[in-house]
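Coordinates in review
Residues per chain are reported as follows:
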Amino acid sequence: MGNRRLLFLLGVLAVNYLLFQSILVPYGSGNAPWSSVPQKFDKVRFPSLHSTPKYFTDWSPPMGSVSGFSNSSAFIATVEKTPNPIVQFEVGDGKKMGKHNDENGDLVSERNISNDDVFEHGTDRNDARSLSEKKDVGRKGDRLDLESVGSQNFNAILAKGSNVNFSGKQFSKTEGGAWLVNDNNMDSREYDGVRVHTSHSSTSSTNVTSLENFAQKVAFSASNNSTAMITPRRKMRCMMPPKTRTLIQEMNHILVRRRASARAMRPRWSSKRDLEILAARLEIEHAPIVTQDKELYAPLFRNLSMFKRSYELMERTLKVYIYKDGDKPIFHQPILKGLYASEGWFMKLMEENKYFAVKDPSKAHLFYLPFSARMLEHSLYVRNSHNRTNLRQFLKDYTDKISAKYRHFNRTGGADHFLVACHDWAPYETRHHMEYCIKALCNADVTQGFKIGRDVSLPEAYIRSVRDPQRDLGGKPPHQRAILAFYAGNMHGYLRPILLKHWKDKDPDMKIYGPMPHGIANKMNYIHHMKNSKYCICPKGYEVNSPRVVEAIFYECVPVIISDNFVPPFFEVLNWDAFSIILAEKDIPNLKQILLSVSQEKYLKLQLGVRKAQKHFFWHVKPLKYDLFHMTLHSIWYNRVFQIKLR
């Protein structure tokens, strides 16, 4: 009886020991005591799907029969820390473009556009194929990807329950050291973006048939015992429809609500300038009625009387202090050509201005932060780093310096400060530390923090000539425009492929194309189409904004804006129904029917509105009344007037 008890206790201890080992092995650095897996392997490399994809997994299969492996609960592999080669490809004129991840891990493109390009030559994020989009690597002669260039070793564990056939028949080495899959009995399966290969043979002692839930079960254990799980690749934000949609009708309601109640931070101490702004607000709200004006086209404005009075008070009252802090090229160095030229032209004209600008900050109603979001990206972003936090930190350090050196930022929390930025990343870069500032942004997306009634939607104007920003202006008269609708451009984002799916080569009246070939002749052909079209389709790309809106106005083509959540430029003062058509994204299938339903009389009014609106979308070397410089400054002033709070 005593011997039986002893044997029973020993059995219990053995079972507990085995259970304990089976729990520890997936997180340890060694093999299970019952495992016969060799310690040294040659390497087969698979791209890692870690949420921060900077490394590659070097999968090291044994090169021979591994008896007993099919019944083991873990397999130890080796991982080397190697830079993740970002997919690059050329777009136009040999320019190489890369891809990177935004702060949330979403893949976004680096818009690096030549000043001489007419169209939006950013990279298409969906063009960079992941491993899962490549051809099956299980076919004979296909290579398993890339050589190792790393140096620091890590341990990777194929977790308990994973079974892989690593018989010697399946792998062979090429001259370059890469591994080939040679077994004809292999088939290809895809697990969460990683294409792996399993064998259906059930006779080999080393063969097992399944790699179920591979991506979820692989864990990384670093040399310092830190671990991280492989996660499935998330779909890019720009390639998915927005979770919420704010259409133009709801934007109008939001503007009315926010006009009724001031939302700015209450100042910490009072200022005479606040009283001057409050007095201006009372005058604007009680402006004399104006129905016609020699310089302004009344239908373009929400309220011509209020706009005219506000503009007059801006000219008479407004003073702006421009911070001198900050070094070039991020500060005080404007870019005057290309897609992001609007932020540069405003900076240039504001810093040259002697009428609105003052040297004494105590006399200022508004404070300008003169940085370029485009130059910030150009100067500080590390190519292919997948990280923009240093850009945001740079601006945070700048505002900390401003608030420590001057007292004005602290008085209102930045509510009387403003910035002008056209680069797509500006909403992210100015988040939190500039939250209360007035932001004039091209990327005016309500889902990305744009505040209707406080922030200003800045027109994205593509400038090709600094000496003549209005080059190629104008178009055919309405009765000579033979094309009903026109669009041509790159397939950025999720919406444009939908547009082409419904209308490309489907109707002779709908000239809907993809990317036009590069070259001067094709650029002129693009302009020719806009000048000969009644309606120019302006769908969103990666972001909600598009330079086609301003291009259409330049060429007197009625813009058809298709971009949910996009706040049109100068939304607080302009009536876009007078010179454009704004459609919901869901209306694309009915696009032609909607355009044909517009009467000839209505179309002529829209086209007249486009011609009258042109003056408000022009940059001039020397600013003119009601031009783009003054309209931008006025909208900043106008929103401050209606958002101000007193001590």
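Residues numbered from 1 in each chain as written. Predicted model: local features only at pLDDT ≥ 70, side-chain atom pairs only at ≥ 80, totals over all residues. Heavy atoms only, no water.

Under the annotation held in an unreviewed UniProt entry, the chain carries the name Exostosin GT47 domain-containing protein and is attributed to Vigna angularis var. angularis. Here the chain is described in UniProt, under the heading Subcellular location (unreviewed entry), as follows: "Golgi apparatus membrane". (UniProt positions renumbered as here; feature names shortened; annotations may be inferred.)

Observations regarding helix H15 (residues 600-613)
Its 14 residues place the ends of H15 20 Å apart at the C-alpha level, agreeing with the 20 Å of an ideal helix rising 1.5 Å per residue. Burial in H15 covers these residues: Tyr603, Leu606, Gln607, Gly609, Val610 and Ala613. End-on view of H15: buried residues confined to an arc of 155°, all on one side of the axis. Those residues of H15 that are buried are in contact with strand S23 (533-539), helix H13 (548-554), strand S24 (558-562) and strand S25 (581-583). (Helix = DSSP H or I, 4+ residues; strand = E, 2+ residues; numbered from the N terminus. Expected span 1.5 Å × (residues − 1). Buried < 20%, exposed > 50% of the residue type's maximum accessible area, 1.4 Å probe, protein only. Arc of directions from axis to C-beta. Contact = heavy atoms within 4.5 Å.)

As for the nonpolar core
Here is a general trend for soluble globular proteins: nonpolar side chains tend to be buried in one another's company. One finds Phe418, Ile537, Leu591 and Leu633 to be the most contacted residues of the largest nonpolar core, which totals 136 residues. When residues of this core are assigned to domains, at least three map to each of domain 1 (248-464 + 630-643) and domain 2 (483-623). Other than its neighbours up to four places away in sequence, Phe418 contacts Val320, Phe346, Leu366, Phe367, Tyr368, Leu369, Ile438, Leu633 and Ile636. (Core = buried A, V, L, I, M, F, W, Y, C linked by side-chain atoms within 4.5 Å. Domains from an automatic or database assignment.)

A look at the pattern of salt bridges
Following the criterion strictly, the structure yields 26 salt bridges and no others. The shortest N-O distance in the salt bridge between Arg309 and Glu312 comes to 3.1 Å. Here the residue Arg309 and the residue Glu312 both occupy positions in helix H5 (residues 304-317), the gap between them amounting to 3 residues, near one helical turn. A relative accessible area of 19% means that Arg309 is categorised as buried. Its salt-bridge partner being Glu435, residue Lys451 comes within 3.5 Å of it at the nearest N-O pair. Of this pair, Lys451 sits in the loop between strand S19 (438-441) and strand S20 (456-457) while Glu435 sits in the loop between helix H10 (426-429) and S19; the two residues are 16 residues apart in sequence, bridging distant segments of the chain. The exposure class of Glu435 is partly exposed, given its relative accessible area of 24%. What you see here is one network of salt bridges that share partners, running through Glu283, Asp293, Lys308, Arg309, Glu312 and Arg316. (Salt bridge = Lys/Arg side-chain N within 4 Å of Asp/Glu carboxyl O.)

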